[in-house]
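# Observations on chain architecture
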Amino acid sequence: MMIGMTARRADREKPVRRPVAHEAGPNDPGPTARHLARRALALLWLGCCLPAAGAETPDAPPGLLHPCQLPTSEDEPLVDETQALLEETGCRAALWLDGLFGGEAQIRSAQRTSGYVESSVSYTQFDGFDTRTRLRVRFDLPNLKERVSAFFGRDDEDDFIRDRTEAFGLRSQFPTLADRDEWLAGLGYGLPSSERLQADVKVGAASLREPRAFVRMRLHYNAWSDYQNLVYVRATPFWQTRDGVGLTLGVDYNHVLTPSLLLRVTEVGTISDITQGVDWLSAVILYQNLRDERAIAYQLFARGETDAPEPLFEYGGRTIYRQPLIPAKLYGELVLGYSWPRDDPAVKREGSYEIGFGLELPFGRGTHPAAPAATPPADRSAEPPPDP
């Protein structure tokens, strides 16, 4: 019940459009200039360029589509075409990376690559205008055992490494003070876990200009739960070549008020070689499920650093409204807030309003048919049945 009320997670688990792969006939005219222009526009919509994945994946047999390629039509909506482009790119990257470790190409696993891209613009009286584009792609690597996965994308470097990305509302994509968006890539390993304790380790690198290695381990423990309440704690030790060693500790209390209302109280703090004491956040959030994939979150929060010249950096409230613009394909977020920030104790604290709008495009997490593009037509009878 609680998972269903946190709208973003539920939305990401929804499968998106999966057209059936088809053979390219001898009279297929191929992509027209208009079709190519639409694909170029889809790339521009992302607001960022995917880094090169390295070597090309093997070509499909003549007359057949590549196993990652999704057929598109000339009159296909731009959102559908963008989803297909992102999914195909992630699938090809998964096949290439998994192939580096030997073994046969695991096409089914690569076709389950999933992720999202977000773009937003916001304005606050304190910080002015800011724009942001984030990308997250995750895929499994079957040739490295079932517990290993890979990830790449663009996100706030500090929040990702320190495990502070879920601190606000519906995990809004809107920026905060001193955000450092960078490219991130690496491998993840799921440690043996139980119903109460989950653990994983991530090893990777951040930034293309000045690469920095990092290691992050996350422990998540369900301390207590019943039909209406859930208390969980998490501990995230981390290390980065530039910022050194650190530890994030968090406690969350969730209480189901009604079938459509969830109350969450969050306390989280981070201490590291570069923080001034404890970088802390306290928040009370009320989630409301409005049905039909719509949701709203009301938040009161305070944050700061215990040993900074101004230990209480900001306190205030915000409201985040989430609405599907195209169901299961494109989502919009509207943020309205008011807070009292201050980073210099010598300056009078004044109020600052916030307004922002963002778009989120999920992709992947569907199921292809049984890889028809990788099998010659004469051998189609030997294909395994589709995944359930």
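Model, not experiment: these values are computed from the prediction.

Cut-offs applied
- Residues numbered from 1 in each chain as written.
- Predicted model: local features only at pLDDT ≥ 70, side-chain atom pairs only at ≥ 80, totals over all residues.
- Heavy atoms only, no water.
- Salt bridge = Lys/Arg side-chain N within 4 Å of Asp/Glu carboxyl O.
- Helix = DSSP H or I, 4+ residues; strand = E, 2+ residues; numbered from the N terminus.
- Buried < 20%, exposed > 50% of the residue type's maximum accessible area, 1.4 Å probe, protein only.
- Expected span 1.5 Å × (residues − 1).
- Pairing = 2+ DSSP bridges.
- Patch = residues over 30% accessible without salt bridge, like charges linked within 9 Å, V, L, I, M, F, W, Y side chains within 5 Å.
- Areas by Shrake-Rupley, 256 points an atom, 1.4 Å probe, with all protein chains shown as cover.
- Polar contact = N/O pair within 3.5 Å; in protein donor to acceptor, adjacent residues only side chain to side chain.
- Contact = heavy atoms within 4.5 Å.
- Core = buried A, V, L, I, M, F, W, Y, C linked by side-chain atoms within 4.5 Å.
- pLDDT = per-residue confidence, 0-100.
- Phe/Tyr/Trp six-rings, centres within 6.5 Å; stacked < 30°, edge-to-face > 60°.
- Lys NZ or Arg CZ within 6 Å of the ring centre and 35° of its normal.

Proximity of charged atoms lets side chains of opposite charge pair with each other. Considering all chains together, one arrives at twelve salt bridges under this definition. Asp252 is paired through a salt bridge with Arg234; the nearest N and O atoms lie 3.0 Å apart. Of this pair, Asp252 sits in strand β8 (residues 244-258) while Arg234 sits in strand β7 (residues 229-240); the two residues are 18 residues apart in sequence, bridging distant segments of the chain. Relative accessible area serves as the criterion here: at 5%, Arg234 is assigned to the buried category. Measuring nitrogen to oxygen at the nearest pair gives 2.6 Å for the salt bridge that ties Arg318 to Glu354. Of this pair, Arg318 sits in strand β12 (residues 312-326) while Glu354 sits in strand β14 (residues 352-364); the two residues are 36 residues apart in sequence, bridging distant segments of the chain. When sorted by exposure, Arg318 lands in the same class as Glu354, which is buried.

In this section: helix α4 (residues 78-99). Under the 1.5 Å per step criterion, the end-to-end length of α4 is 32 Å for 22 residues, consistent within 8% with the ideal 32 Å. Along α4, 17 of the 22 residues are buried, which leaves the element largely enclosed by surrounding structure.

Let's shift gears to the pairing of β8. Of the pairings in the sheet, the one linking β7 to β8 comprises twelve bridges and is antiparallel in character. Each residue of the ladder has a partner; that of Pro237, found in β8, is Leu247. Hairpin connection between β7 and β8: a loop of three residues separates the two successive antiparallel strands. Relative to strand β9 (residues 261-272), β8 runs antiparallel, the two being bridged by twelve bridges. Bridge pairing in β9 links His255 to Leu263. In sequence, β8 turns back onto β9 through a hairpin of two residues.

There is a patch of nonpolar side chains on the surface, built from Val121, Phe129, Tyr315, Leu325, Ile326, Leu334, Leu336, Tyr338, Trp340, Tyr353, Ile355 and Phe357 and spanning about 1,100 Å² of accessible area. Breaking the nonpolar patch down by element, the ones donating at least two residues are β12, β13 (330-339) and β14.

What follows covers the side chain of Ser352. Position of Ser352 among the secondary structure elements: in strand β14. Looking at Ser352, its side chain comes within polar contact range of the main-chain nitrogen of Gln125, at 3.2 Å. If sequence neighbours within four positions are ignored, Ser352 has contacts with Thr124, Gln125, Phe126, Gly337, Tyr338, Ser339 and Pro341.

The backbone phi angle of Arg291 is positive, close to 70°, even though this residue is not glycine. Along the chain, Arg291 falls in strand β10 (residues 279-291).

Core analysis: the largest hydrophobic core is formed by 23 residues, its most contacted members being Leu86, Leu135, Val137, Phe139, Leu141, Phe152 and Leu361. In terms of residue count, the dominant contributor to this core is α4 (seven residues). Membership of the second largest hydrophobic core comes to nine residues, among which are Leu262, Val268, Tyr287 and Ala297.

When pLDDT is averaged across the protein chain, the result is 75; 69% of the residues are at 70 or more. Long-range and interchain partners of residues 1-30, a stretch whose pLDDT sits below 50, account for 74 contacts in this model, where long-range means more than four residues apart. Counted against residues more than four places away or in other chains, residues 40-64, with its pLDDT under 50, gives 49 contacts.

Right, let's talk about the packing of aromatic side chains for a bit. Evaluation of the coordinates by the stated rule reveals seven aromatic pairs. Centre to centre, the rings of Tyr123 and Phe129 are 4.7 Å apart; their planes meet at 45°, and the pair counts as tilted. Their ring planes at 80° and their centres at 5.0 Å tell us that Tyr338 and Trp340 sit as a pair that is edge-to-face. Judged by its relative accessible area of 39%, Tyr338 is partly exposed. Taken together, the ring pairs connect Tyr123, Phe129 and Tyr353 into an aromatic cluster. Over the ring of Phe151 we find Lys202; its NZ or CZ atom is 5.9 Å from the centre of that ring. Its guanidinium or amino end placed over the ring of Tyr331, Arg322 lies 4.4 Å from that ring's centre, counting from NZ or CZ.

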